[in-house]
Amino acid sequence: MAAVTDCFTLGSTVWCRTCYNQEIEGDVLAFDEQTKILILKCPTASGINNLHDVQFINLALVSELQVKKEVTTPPEGPQSLNLQRLNTRIRNQVDEKKRLLTSLSSSVPPEGQRLFVAISKMFKEVQWRNADIVVWNSQVIITPPYQVENVKGNTDSKEFSFVKKLVEKHHKDTALSQTTSVNNQVVQHNANMQ
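- In the annotation of an unreviewed UniProt entry, the entry for the protein reads Protein LSM12 homolog, and the organism field reads Nicrophorus vespilloides.

What follows is the structure in structure tokens.
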């Protein structure tokens, strides 16, 4: 981002109208003179005061542009990044993706894979043992065909009850999703017939 101060002063308030007749107003975060991309910090669409939207605007697609308020003193520099925290987040995300990839075993039917993913979103201690889903170091085991009656373990334990309810909810949500999909297809078919 060369020579930002040559075109737009950081922190200045800019208003523009795009070729799609969309009006955007915000504070200049950056400007790339080579690509003619202006980056603005705008109030969020949700209306929450401490959040902002960041808009990337291609000036080649702008029909009007006005500088509403020019800043004379440059704003303070950006806050430094906590690299240790970012590295931890990256490591955690990579571990999570690896764990979810284990659900895509070719020897397990798609319903089992979907249930594994649903459970692994709630608990990290989920793994495969052949075609069985094992939760909390064998405290709860779900065997094919992965229905509520296939949940095995100590029926008096909280873990068992929780996993059983999770399996019930997963099957209800799946059935509801399939019903909605079929209904949408019927409506689309009827609309096409008219």
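Remarks on unusual backbone geometry
Most of the time, phi is negative for any residue but glycine, and the peptide bond is trans.
And step 1. Omega for the peptide link from P144 to P145 comes to 10 degrees, which places this bond in the cis form.
And step 2. Among the structural elements, P145 can be located in the loop between strand 8 (140-142) and strand 9 (151-153).
And step 3. The phi dihedral of N130 is positive, around 60 degrees, even though this residue is not glycine.
And step 4. Within the fold, N130 resides in the loop between strand 6 (126-129) and strand 7 (132-135).
And step 5. Look at N130 and you get exposed, because its relative accessible area is 70%.

What to know about the sheet that holds strand 3 (residues 37-43)
And step 1. The strand order 4-3-2-1-5 describes an open sheet built from 5 strands, whose pairing is antiparallel. The sheet is open, and its two edges are formed by strand 4 (52-58) and strand 5 (62-69), each paired on a single side. Between one strand axis and the next, the sheet turns by 40 degrees as a mean value, whatever way the strands run.

Calculation notes
Residues numbered from 1 in each chain as written. Predicted model: local features only at pLDDT ≥ 70, side-chain atom pairs only at ≥ 80, totals over all residues. Heavy atoms only, no water. Helix = DSSP H or I, 4+ residues; strand = E, 2+ residues; numbered from the N terminus. Buried < 20%, exposed > 50% of the residue type's maximum accessible area, 1.4 Å probe, protein only. Pairing = 2+ DSSP bridges. Axes fitted to C-alpha atoms, helices over the stretch in contact; angles between N-to-C directions.

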